[in-house]
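Now for the letters of each chain:
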Amino acid sequence: GGRKTTEAWGWKEDNGGGSGCWFIHHHRPAGVYLNMSDTMDQRLKLAQELLRKGQVGLMLSEQENLPRLPINDLESAIKDFLRASEPLLSPEQFAQTKAQAEEFLKEDGPRLHELLVGYDKEDGRNSYLEDVWEDAYLTQRSSIAINTNPFFTLEDDPTPARTSQIARATTLVWSSLLFCQSVRAGKVEPDVQRTTPLCMCQYPKLFGTTRIPLPRKDKTVFCSDSTHMVVMSRGQVYWFDVFDASMEMSLTRETLAETLREIREDSGTMEPEERMHSAVGVLTSDDRESWAHWRKELESDADNAESLRIIDTSLFVLCLDDTTPPSPADMAKVALHGTSVVDLTISSAGVQRGTCINRWYDKSLQMIVCQNGAAGVNFEHSVIDGHTVLRFASDVFTETILRFAETIRSNFARRQTAGMQSCQAVRGAAVVAVEFARINWKLGEDVVAAMLIAESNLSDRIPQVDLQVLEFAAFGKNWIVDNKLSPDAFVQIAFQVAYYRVYRACVCTYETIMTKKFFHGRTEAGFIVTHESKELCEGFNAANSVLTLQELLKAALDAHVGVVRLASQGRGIRTMHALKCMAQQQQPSAEADSVPALFKDEGWKAMSHTTLSTSNCGNPALRMFGFGPVCADGFGVGYIIKDDNMQFCVTTYNRQTARFIHSLEDTLITFQRVLMGTHFGANSASAAPSSQGNVSPLAKSLAISTLSSPNASLRPPFLSGQMNRVGSVLINGAQASSPRV
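Residues numbered from 1 in each chain as written. Predicted model: local features only at pLDDT ≥ 70, side-chain atom pairs only at ≥ 80, totals over all residues. Heavy atoms only, no water.

(A) Spotlight on the overall build of the protein chain. The secondary structure content of the protein chain amounts to 22 helices and 21 strands. Looking at the 741 residues of the protein chain, the share that counts as buried comes to 62%. A separation threshold of at least 6 residues defines the contact pool for the protein chain, and within that pool the share at least 24 residues apart is 75%. Summed over its atoms, the accessible surface of the protein chain is roughly 27600 Å², and 50% of this surface lies on carbon and sulfur atoms. (Helix = DSSP H or I, 4+ residues; strand = E, 2+ residues; numbered from the N terminus. Buried < 20%, exposed > 50% of the residue type's maximum accessible area, 1.4 Å probe, protein only. Contact = heavy atoms within 4.5 Å. Areas by Shrake-Rupley, 256 points an atom, 1.4 Å probe, with all protein chains shown as cover.)

What follows is the structure, encoded as structure tokens:
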């Protein structure tokens with residue numbers, strides 16, 4: 001296919017082998033693409049074609065054919081580790097790390113590698129890494145709110161009548177239930193990367209899965225036959241059945257909407273202080289040891305234990321929020337951590353009235369819908385990765401598009417694909433009110449006090465997170481691919497250069513690389529700082545010629561593609577992490593830290609401190625994607641590369657977030673200019689613009705200047721006299737020092 005198919009509902013991998021998410025939807029026949037850059041009429045026509053020609057796939061049909069995740073041989077694992085750590089160390093530090101690696105290769109390494117190979121061959125083990133990596137999540141003792149749970153925000157519903165909270169929530173829930181039916185029936189077509197099938201084992205866990213806090217290590221529980229959903233409104237928890245025992249819909253869209261409306265009304269009858277004193281969900285935002293203690297306390301009462309079981313086994317949680325986010329940045333904050341709005345007029349200590357108490361962070365899937373219809377997803381990460389939730393969100397949004405088509409085409413053919421018949425069956429049924437129940441907790445004073453402390457801790461943390469968004473419209477995937485470059489590599493190298501221009505340092509940079517082409521594969525750690533990217537960072541200045549800058553940039557891009565290609569084959573750092581876990585398991589509990597010296601070395605420490613944590617996870621259904629920083633001085637960077645634009649969501653704990661985004665936009669534009677043969681000048685806002693055309697106001701503010709070019713055709717179009725705007729928008733949310741978001 002041509003360029004127009006690269007942003008279709010089923011992405012194709014870019015030419016450079018980047019690490020984006022690529023998949024085919026279960027209702028999309030081969031060769032048909034629904035492209036969000038088309039007109040609405042074109043999209044509707046294609047959507048109808050999808051319904052007429054929809055095909056049914058068998059979700060697990062390729063599982064037995066998937067290869068096992070390979071264990072790197074020891075020498076390759078050491079080589080990959082040294083390659084990744086060297087650019088982060090001084091020559092003296094690297095010499096020490098290299099010596100430790102050589103010692104490990106001769107002494108402890110072979111024994112541990114043999115143990116790992118044996119561990120991988122044990123009966124019932126799906127992968128050498130699956131349990132090891134889940135343990136890394138489940139042994140985390142800090143809060144999973146902000147620290148671990150990622151989020152997506154969705155594009156707005158295209159149907160004008162569905163922009164209210166209840167209408168949008170009804171549409172999303174209904175489409176989610178249809179997707180759940182297809183998953184449980186095993187009739188979702190397998191994801192593919194080009195022609196390679198991907199592992200589908202995570203999809204059942206989207207529904208009915210919850211993380212349970214326990215001392216030292218949490219666990220996850222999965223209910224494969226759950227039939228009810230949970231709704232949270234103003235901190236209160238409600239539930240009702242949506243499926244019968246045969247997994248058929250037990251309600252209609254109309255009764256679903258009415259049920260949600262009545263839940264909103266019921267939660268509004270409670271006073272704010274009463275709501276706060278029964279908002280048990282806020283405990284899920286606390287550190288895991290504290291939450292484990294108080295959950296055990298709750299379970300000592302039989303009614304509370306049953307209430308927790310209802311939440312644990314529910315399909316998912318719908319959060320109906322009392323907020324109207326005015327911008328993409330504000331909606332991203334709602335999806336990440338909710339709002340903190342303390343009413344100081346109610347009691348001596350004030351009462352939390354924000355949406356941060358309207359969450360159950362342990363649930364694998366939370367859908368969040370605001371009063372203006374803005375919607376997002378927050379998900380627990382221990383057993384589910386972004387690619388899986390992305391497929392879910394994309395299919396749900398596609399269903400929205402298809403329903404929009406149905407509402408305006410009177411002769412629209414009803415969808416006939418498997419898993420949808422139940423939907424059609426209930427449409428003719430009489431509207432019957434759905435009974436719902438509000439969970440009434442039995443709470444002692446000590447539990448209520450713990451809830452207030454947890455809320456205060458969360459309210460402390462929220463303003464410490466500086467979340468800002470850049471919607472970059474100067475160019476996107478099309479321009480990069482047209483120049484035979486990898487879009488993912490282009491953006492990743494820009495991150496490193498942008499950070500260097502602010503802090504004058506090359507730091508550990510992590511990119512999530514999908515490995516779902518392997519049986520029970522998840523992700524590999526792409527440590528993507530290379531000698532070439534470091535040389536580019538240090539040499540990206542006006543002192544070098546355009547030719548030199550082009551050579552440095554292209555060398556860095558090629559090196560990045562090579563690292564990503566190896567990581568996608570399982571050649572990353574996870575094997576080394578597994579070897580460390582093998583060493584820890586061999587030690588008595590009192591000597592748990594007695595691991596080989598290599599894992600205490602400066603090289604390992606540098607690799608374990610991820611300053612730039614990045615992930616590319618997007619498609620046309622998403623507006624934003626993001627997550628919190630993974631360390632105190634870190635940056636969390638979620639990004640979406642579309643055909644002609646890009647979205648970035650950056651979080652820090654009140655570091656120079658705005659300056660980093662400013663530098664990132666400048667770097668992306670300057671990369672384009674350098675590749676087109678134009679020098680970026682003295683990097684000064686006062687530098688004289690080129691006589692060949694006017695520099696845009698935004699370009700001036702970014703300190704971009706042009707020098708006269710002998711060939712006007714080399715000039716980027718956004719710097720020509722005909723176009724006066726770059727088109728990028730920096731969306732700056734509430735002030736970081738503000739106590740309210």
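(B) Representation of the pairing of strand 11 (residues 366-369) within the structure. Side chains Gln-366 and Ile-368 project from strand 11 onto one buried face, and the interleaved Met-367 and Val-369 project onto a second face that is buried too. Pairing of strand 8 (residues 317-320) with strand 11, which is carried by four bridges, proceeds in the parallel orientation. Residue Leu-318 lies in a different strand from strand 11, and its bridge partner there is Met-367. Across four bridges, the pairing between strand 11 and strand 12 (residues 375-378) is antiparallel. Bridge pairing in strand 12 links Met-367 to Val-377. Turn length for the strand 11-strand 12 hairpin, with the two strands adjacent in sequence and antiparallel, is five residues, and the turn residue Gly-373 shows positive phi of about 85°. (Pairing = 2+ DSSP bridges.)

(C) Structural detail: the environment of Gln-584. Residue position: Gln-584 is located in helix 19 (residues 574-585). Accessibility expressed as a relative area gives 33% for Gln-584, which makes it partly exposed. Once the C-alpha coordinates of Gln-584 and Pro-596 are considered, the two residues, 12 residues apart in sequence, prove to be 9.4 Å apart.

(D) Quick peek at the pairing of strand 18 (residues 622-626). In terms of burial, strand 18 is a largely internal element, four of the five residues being buried. In this sheet, strand 18 lies alongside strand 1 (residues 151-154) in antiparallel orientation, the contact comprising four bridges. Pairing of Leu-154 across the sheet is with Leu-622, part of strand 18.

(E) Quick peek at the environment of Gln-569. In this structure, Gln-569 sits in the loop between helix 18 (546-568) and helix 19. Spatially, the C-alpha atom of Gln-569 lies 9.9 Å from that of Lys-516, the residues being 53 residues apart in sequence.

(F) Broad picture of unusual backbone geometry. Even without being a glycine, Arg-216 presents a positive backbone phi close to 70°. Structurally, Arg-216 is set in the loop between strand 4 (209-212) and strand 5 (219-222).

(G) Expanded view of the sheet that holds strand 7 (residues 236-241). Reading across the sheet, the eight strands line up as 13-7-6-8-11-12-1-18 and stay open at both edges, with mixed pairing between neighbours. On the outer flanks of this sheet lie strand 13 (437-438) and strand 18, each paired with one strand and no other. Of the pairings in the sheet, the one linking strand 7 to strand 13 comprises two bridges and is antiparallel in character. Within strand 13, the position partnered with Trp-239 by the bridge is Ala-437. Relative to strand 11, helix 6 (residues 165-184) is tilted by about 155°, and along the sheet it contacts strand 1, strand 6 (228-233), strand 8, strand 11 and strand 12. Strands strand 1, strand 11, strand 12 and strand 18 of the sheet are contacted by helix 11 (residues 328-337), whose axis makes an angle of about 135° with strand 1. (Axes fitted to C-alpha atoms, helices over the stretch in contact; angles between N-to-C directions.)

(H) Here's a closer look at a negative patch on the surface. Together, Glu-532, Glu-535, Glu-538 and Asp-558 make up a negatively charged patch on the protein surface. It is helix 17 (residues 531-539) that provides the largest number of residues to the negative patch, a total of three residues. Examined against the element boundaries, Glu-538 turns out to sit in helix 17. Residue Glu-538 is classed as partly exposed on the basis of its relative accessible area, which comes to 44%. (Patch = residues over 30% accessible without salt bridge, like charges linked within 9 Å, V, L, I, M, F, W, Y side chains within 5 Å. Salt bridge = Lys/Arg side-chain N within 4 Å of Asp/Glu carboxyl O. Lys, Arg positive; Asp, Glu negative; His and termini not counted. Charge placed at Lys NZ, Arg CZ, Asp CG, Glu CD.)

(I) A look at the pattern of salt bridges. Going through the model one piece at a time under the given rule, you end up with 30 salt bridges. In the salt-bridge network here, residues are joined through shared partners; they are Arg-141, Arg-211, Asp-218, Arg-288, Glu-289, Asp-362 and Glu-380.

(J) The nonpolar core, seen in detail. Counting residues in each nonpolar core, the largest one holds 54 residues, and the members touching the most others are Leu-206, Phe-207, Val-231, Phe-240, Phe-316 and Leu-318. The leading source of residues in this core is helix 6, at 10 residues. With residues up to four places along the chain from it excluded, the contact list for Phe-316 reads Val-173, Ser-176, Leu-177, Phe-207, Met-229, Val-230, Lys-363, Leu-365 and Met-367. In this structure, Trp-479, Val-497, Val-650 and Ile-661 belong to the second largest nonpolar core, which totals 43 residues. (Core = buried A, V, L, I, M, F, W, Y, C linked by side-chain atoms within 4.5 Å.)

(K) Quick peek at helix 10 (residues 302-313). The terminal C-alpha atoms of helix 10, which comprises 12 residues, lie 16 Å apart, in line with the 16 Å expected from a rise of 1.5 Å per residue. Listed as buried for helix 10 are Asn-304, Ser-307, Leu-308, Ile-310, Ile-311, Asp-312 and Thr-313. Along its buried surface, helix 10 packs onto strand 4, strand 5, strand 6, strand 7 and helix 9 (288-299). Measuring from the backbone nitrogen of Asp-303 back to the side-chain oxygen at the start of helix 10 gives 3.0 Å, which picks out Asp-301 as the cap. (Expected span 1.5 Å × (residues − 1). Polar contact = N/O pair within 3.5 Å; in protein donor to acceptor, adjacent residues only side chain to side chain.)

(L) Seen up close, the packing of helix 4 (residues 108-120) against helix 19. As a packed pair, helix 4 and helix 19 sit with axes 9 Å apart at the nearest point and diverge in direction by 95°. As far as their axial angle goes, helix 19 and helix 4 are roughly perpendicular. Within the contact between the two elements, helix 4 uses Leu-112, His-113, Leu-115, Leu-116 and Tyr-119 and helix 19 uses Thr-575, Ala-578, Leu-579, Met-582 and Ala-583. (Parallel < 35°, antiparallel > 145°, perpendicular 65-115°, else oblique.)

(M) Quick peek at the packing of aromatic side chains. Taken as a whole, this structure holds 29 aromatic pairs when the rule is applied. With 6.0 Å between their ring centres and 65° between their planes, Tyr-238 and Phe-436 make a pair best called edge-to-face. Here the residue Tyr-238 occupies a position in strand 7, and Phe-436 occupies one in the loop between helix 13 (421-427) and strand 13, the gap between them amounting to 198 residues. Looking at Arg-574, its charged tip hangs above the ring of Trp-133, at a distance of 3.7 Å from the centre. (Phe/Tyr/Trp six-rings, centres within 6.5 Å; stacked < 30°, edge-to-face > 60°. Lys NZ or Arg CZ within 6 Å of the ring centre and 35° of its normal.)

(N) Examining helix 19 more closely. With 12 residues, helix 19 ought to run about 16 Å at 1.5 Å a step, and its terminal C-alpha atoms sit 17 Å apart, in line with that. Buried residues of helix 19: Arg-574, Thr-575, Met-576, Ala-578, Leu-579, Cys-581, Met-582 and Ala-583, and no others.

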